[in-house]
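# Topology and contacts: notes
Chain residues, written in single-letter form:
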Amino acid sequence: MFGKRQRESAVARSSVRQDWSARLPAEKKSFFDAIVREWENAYAIFSVALDEAFSFRADGKLARARQCAEIASGSIGNLTEPLSAACRTIGKAGRHLACPPAVAPLNPAFYRGDFARQSAQWNQLTHHILFGSRSRFLHKLRVLEIMMPSLGDIFRRTCENFSSEFDARGSWNCLDEIHYDVNTCLREIIVVFKSFLLAVPDAALSSFGSELNASLASAHKTVQPLELPMLLGRRAGNFRRE
């Protein structure tokens, strides 16, 4: 896909912060905004349902709280599976870049759950062992690709362990941690995605866009459609406005 192109200066993409501050060309920006909007919408649905669950729990309405937690459990795959697919597709394309973007290692301090922290620690350790920006770029994407569906699985298993007879505080804390860690992973992927688009030759954008959209569509097919009950309607509207 990127076979014919001129090697760009590595200095131009020496910093993740510089990449994030840089302006994308109009076509790339439009594509970036459209993809990120899909991810943000999926995150909003998941987050609103879980926020509602914690609100009901705080009011002592545990049955309603668990109902909303189950909704969040049913919706998390609409976020984690496409994000995992995106990491896989970006990584595949990144193998052919003349000058792959710089990446910063995952920071374990930015995560709360044991699994996410351990994954970030592994990426941080490997980042300093690997030579070359391409290997570091691909390894970070691979770690995030594995983390997203794994976090979704942990979330679903935690919801399945709820008991109707008592308030399982440990399980609720776990859900809160996963919500935090999923959000952190989403932000990491968005940053990597923008850096990647800056590195992609303009002529290759259409081909890559088709591949990414196809992978996202395939990921969505593996997730069961979810209908949100009316109890989430008001809060979801407020969330979107915020």
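Here the structure is a predicted model, which means the values were calculated and not measured.

### As for the overall build of the chain
When helices and strands are tallied, the chain shows 9 helices and 0 strands. Taken from N to C terminus, the helices and strands of the chain fall in the order α-α-α-α-α-α-α-α-α. Per-residue burial for the chain yields a buried fraction of 48% across its 242 residues. Residue pairs at least 24 apart in sequence account for 82% of intrachain contacts in the chain once pairs closer than 6 positions are excluded. Roughly 12,500 Å² of accessible area belongs to the chain as shown, and the carbon and sulfur atoms make up 51% of that amount.

### Re a nonpolar patch on the surface
The grouping of Trp122, Leu125 and Ile129 at the surface amounts to a nonpolar patch, some 340 Å² of accessible area in total. Positionally, Leu125 belongs in helix H5 (residues 114-129). Its relative accessible area of 47% is what places Leu125 among the partly exposed residues.

### Some details on the nonpolar core
Soluble, globular proteins show a tendency: their nonpolar side chains are buried together. Among the nonpolar cores identified, the biggest contains 63 residues, and Trp39, Phe155, Phe193, Phe196, Leu197 and Phe208 are the most heavily contacted of them. Elements supplying a minimum of two residues to this core: helix H2 (26-58), helix H3 (62-75), helix H4 (77-94), H5, helix H6 (133-160), helix H7 (169-199) and helix H8 (205-221). Element by element, the count of residues in this core is highest for H7, at 14 residues. Discounting residues that sit within four places of it in the chain, Phe193 has contacts with Phe31, Phe32, Ile35, Val36, Trp39, Ile90, Phe208 and Leu212.

### So, H3
For H3, which comprises 14 residues, the first-to-last C-alpha distance of 20 Å matches the rise-based estimate of 20 Å (1.5 Å per residue) to within 8%. Among all positions in H3, only Ala65, Arg66, Cys68, Ala69, Ile71, Ala72, Ser73 and Ser75 are buried. Those residues of H3 hidden inside the fold are in contact with H2, H4, H6 and H7.

### Considerations on the side chain of His127
Considering the arrangement of structural elements, one finds His127 in helix H5. The exposure class assigned to His127 is buried, which follows from its relative accessible area of 8%.

### Notes on the pattern of salt bridges
Overall, the coordinates contain 9 salt bridges when judged by the stated rule. One salt bridge connects Arg112 with Asp176, and the closest N-O pair in it is separated by 3.1 Å. Residue Arg112 is found in the loop between H4 and H5, and its partner Asp176 is found in helix H7; the two are separated by 64 residues along the sequence. For Arg112, a relative accessible area of 32% translates into the label partly exposed. Looking at Asp176, the relative accessible area reads 28%, which means it is partly exposed. Note that Glu145 is salt-bridged to Arg142, the shortest N-O span being 3.0 Å. Residue Glu145 and its partner Arg142 are located together in helix H6, separated by 3 residues, close to a single helical turn.

### Considerations on the environment of Val16
By the element assignment, Val16 lies in helix H1 (residues 16-21). The spacing of Val16 and Val191 is 175 residues in sequence and 8.0 Å in space, taken between C-alpha atoms. If near-sequence neighbours (up to four positions away) are discounted, Val16 is found in contact with Ala102, Val103, Ala104 and Val191.

### Some points on H4
A rise of 1.5 Å per residue sets the reference length of H4, with its 18 residues, at 26 Å; its end C-alpha atoms lie 25 Å apart and thus fit the reference within 8%. Among the 18 residues in H4, 14 count as buried, and that is most of the element.

### Digging into the packing of H4 against H6
Running from N to C, H4 and H6 cross one another at 165°; their axes reach a closest spacing of 9 Å. In terms of axis orientation, H4 runs roughly antiparallel to H6. The two elements H4 and H6 cross, and the hand of that crossing is left-handed. In contact with Gly77, Thr80, Glu81, Leu83, Ser84, Cys87, Arg88, Ile90, Gly91 and Gly94 of H4, H6 contributes Arg134, Phe137, Leu138, Leu141, Leu144, Glu145, Met148, Pro149, Gly152 and Arg156. Split by residue class, the contact of H4 with H6 holds 9 nonpolar, 6 polar and 5 charged.

Cut-off values and rules
- Residues numbered from 1 in each chain as written.
- Predicted model: local features only at pLDDT ≥ 70, side-chain atom pairs only at ≥ 80, totals over all residues.
- Heavy atoms only, no water.
- Helix = DSSP H or I, 4+ residues; strand = E, 2+ residues; numbered from the N terminus.
- Buried < 20%, exposed > 50% of the residue type's maximum accessible area, 1.4 Å probe, protein only.
- Contact = heavy atoms within 4.5 Å.
- Areas by Shrake-Rupley, 256 points an atom, 1.4 Å probe, with all protein chains shown as cover.
- Patch = residues over 30% accessible without salt bridge, like charges linked within 9 Å, V, L, I, M, F, W, Y side chains within 5 Å.
- Salt bridge = Lys/Arg side-chain N within 4 Å of Asp/Glu carboxyl O.
- Core = buried A, V, L, I, M, F, W, Y, C linked by side-chain atoms within 4.5 Å.
- Expected span 1.5 Å × (residues − 1).
- Axes fitted to C-alpha atoms, helices over the stretch in contact; angles between N-to-C directions.
- Parallel < 35°, antiparallel > 145°, perpendicular 65-115°, else oblique.
- Left-handed = near helix turned anticlockwise from the far one by under 90°.
- Nonpolar A, V, L, I, M, F, W, Y, C, P; charged D, E, K, R; others polar.

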